[in-house]
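Read off the chains here:
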Amino acid sequence: MSPRPTRTTVYCTYFDSGYLSRGLTLIESLRTHGDHSDIVILALDADVKAFFDSEKMPGVSAILVDELERAEPALGPLKETRSRMEYYFTCTPLLIRYAMNQVSKPGTVAIYLDADLYFVDAPQRAIDALGEGSVGIIEHRYPARLATRLAKYGRFNVGWVAFVDDEDGRRVLDWYAKSTLEWCGDKPTDGKYADQGYLDWFPEFAGVEILHSGAYDLAPWNTARHDIRLTDGIVTVDGDPLDFFHVHGLRKVGDWFITAQSVYGAKVTPALRHGVYEPYVEALQRWDAVASTKLPARPAPAKRGVGLMGLAFRTYKSALNQWAIVSGNAIPANAHSPRR
């Protein structure tokens, strides 16, 4: 399928101040690899909005939730009936529609990105892979040994989802928005799961294209399924240059960044370490330093659990963290890879 001519693209994402450095790393990776499209950020707290208002990054705008609620009147009342996360998951298709309507130009591609994505090549590649399609989605691509256990979270991952402003794209997007407004629980129920499970129904609509290459949305849950190599500074996935990685579950613990690779029985291979995780950690720490000078000090998170149960949980987590370090599934905070 041949790609369409280059079209207007608008991205959208959302995060709070705790994820600000990840969002900034995502934005930098888009810009570094030649994409200067507009980016609409749903700021999940006032500090994120204030940061982008003051920084005035070209093409980047931030809105608060109340602005989305004004654009989508059915959204606001759901605050009373849904958890914080369920409410934010509900926002995903509404934010995409908001961004699309802001451009208001037929043929525009509106793309939702999770804030923990990281581009290592041109974002235009994924858009080109959409071809003549009006909606683009990407499978989780779980290894066979994980597929049954993780099926409840959906066949497709919501980290990168694209909609073209045309009849087919609008039809799917409107159905998606109507669906999350009706139900958006954070526990898998009757084949549904948050904003993500609904993607399983997308292939029933006309104009939906599945991006099959492992170069798109490589993630801890699917690295074990692919042949990943690093040659002359380029990461390849089954022979295709990696386009973007989903840095899901990365956590700072002391002097280490603990990856989620071991959660899925996968390893940080040398290709992943040097081609993805080290440059990501370097960028993340750089943006953490920027954010720390702009944001008010945040209190340390409370310890999870109390009494013996809390102690048991923290001991278990500590053991998992130590295992990740010993097994090579963690990145030292002082790791540095030259920027490419």
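For the structure itself, look to the data block above.
It should be emphasised that the depicted structure is a prediction, and the values quoted were computed from it without experimental measurement.

On a plain count of helices and strands, the protein chain comes out with nine helices and 15 strands. In terms of overall dimensions, the protein chain is globule-like: its C-alpha atoms have a radius of gyration of 20 Å, near the 20 Å expected for 340 residues. Projected onto its principal axes, the C-alpha positions of the protein chain cover 55 × 45 × 45 Å. Going through the 340 residues of the protein chain one by one, you find that 53% of them count as buried. Excluding contacts between residues fewer than 6 apart, the proportion of contacts in the protein chain whose partners are at least 24 apart in sequence is 76%. Accessible surface for the protein chain amounts to roughly 15,500 Å². Of this, 55% is attributable to carbon and sulfur atoms.

This part covers the side chain of E139. Relative to the helices and strands, E139 is located in strand β6 (residues 135–139). One polar contact links E139 to R155, side chain to side chain, over a distance of 2.8 Å. A polar contact of 3.4 Å, which involves the side chain of E139, links it to the side chain of H212. Those residues in contact with E139 that lie beyond four places of it in its chain are R155, F156, N157, I210 and H212.

A full pass over the atoms with the stated rule returns 15 salt bridges. One salt bridge connects R97 with D174, and the closest N-O pair in it is separated by 2.9 Å. With R97 in helix α4 (residues 84–103) and D174 in helix α7 (residues 167–182), this residue pair connects regions lying 77 residues apart in the sequence. By relative accessible area, which is 15% here, R97 ends up buried. Note that D168 and R171 form a salt bridge whose closest N and O atoms lie 2.8 Å from each other. Taken as a pair, D168 and R171 lie in helix α7 at a separation of three residues, close to a single helical turn. Classification of R171 by relative accessible area gives partly exposed; the value is 37%.

This part is about the environment of A291. Checked against the element boundaries, A291 lands in helix α8 (residues 270–294). Measuring from C-alpha to C-alpha, the distance between A291 and L242 comes to 28 Å, with 49 residues separating the pair along the chain.

So, on to the environment of A62. Within the fold, A62 resides in strand β3 (residues 60–64). Along the sequence, A62 and D47 sit 15 residues apart, while their C-alpha atoms lie 11 Å from each other.

Pairing is antiparallel in the open sheet, where three strands are placed in the order β9-β10-β11. In the strand order of this sheet, the two ends are held by β9 (228–231) and β11 (240–241), each with one partner. Running at roughly 65° to β9, α8 makes contact with β9 and β10 (234–237) of the sheet.

Glancing now at α8. Between its first and last C-alpha atoms α8 spans 35 Å; for 25 residues at 1.5 Å apiece the expected length is 36 Å, and the two agree. The largest bend along α8 measures about 35° and falls at Y277, with the proline P279 one to four residues further on.

Before going further, it helps to spend a moment on unusual backbone geometry. Within the chain, K56 stands out as a residue other than glycine whose phi angle is a positive 50°. With respect to the helices and strands, the residue K56 is situated in the loop between α2 (46–55) and β3. Within the chain, D217 stands out as a residue other than glycine whose phi angle is a positive 60°. What makes D217 buried here is its relative accessible area of 1%.

What follows is about the pairing of strand β4 (residues 109–113). Within β4, five of the five residues are buried, leaving the element largely enclosed by the surrounding structure. Of the two faces of β4, both are covered, the one formed by V109, I111 and L113 as well as the one formed by A110 and Y112. Here strand β1 (residues 9–15) pairs with β4 via four bridges, running parallel. Bridging from a neighbouring strand, T9 pairs with V109 of β4. When β4 meets strand β7 (residues 156–164), the two strands line up antiparallel, connected through five bridges. Pairing of V109 across the sheet is with V164, part of β7.

Before going further, it helps to examine the packing of α4 against α7. Where α4 contacts α7, the axes come no closer than 7 Å and their chain directions differ by 145°. Classified by chirality, the crossing of α7 by α4 is left-handed. Facing T90, T92, P93, L94, I96, R97, M100 and N101 of α4, the residues of α7 in contact are R170, L173, D174, Y176, A177, T180 and L181. Considered class by class, the residues forming the contact of α4 with α7 number eight nonpolar, four polar and three charged.

Core analysis: the biggest nonpolar cluster contains 42 residues, and Y14, L42, L68, I137, F163, L199 and F202 have the highest contact counts within it. In terms of residue count, the dominant contributor to this core is α4 (10 residues). L68 has contacts with L42, I63, L75, C91, L94, L95 and Y98, leaving out every residue within four places of it along the chain. I27, I41, L113 and F244 belong to the second largest nonpolar core, which has 35 residues in total.

Conventions used here
Residues numbered from 1 in each chain as written. Predicted model: local features only at pLDDT ≥ 70, side-chain atom pairs only at ≥ 80, totals over all residues. Heavy atoms only, no water. Helix = DSSP H or I, 4+ residues; strand = E, 2+ residues; numbered from the N terminus. Rg over C-alpha atoms; globule rule 2.2 N^0.38 Å. Buried < 20%, exposed > 50% of the residue type's maximum accessible area, 1.4 Å probe, protein only. Contact = heavy atoms within 4.5 Å. Areas by Shrake-Rupley, 256 points an atom, 1.4 Å probe, with all protein chains shown as cover. Polar contact = N/O pair within 3.5 Å; in protein donor to acceptor, adjacent residues only side chain to side chain. Salt bridge = Lys/Arg side-chain N within 4 Å of Asp/Glu carboxyl O. Pairing = 2+ DSSP bridges. Axes fitted to C-alpha atoms, helices over the stretch in contact; angles between N-to-C directions. Expected span 1.5 Å × (residues − 1). Bend = angle between axes of the 7 residues up to and from the residue. Left-handed = near helix turned anticlockwise from the far one by under 90°. Nonpolar A, V, L, I, M, F, W, Y, C, P; charged D, E, K, R; others polar. Core = buried A, V, L, I, M, F, W, Y, C linked by side-chain atoms within 4.5 Å.

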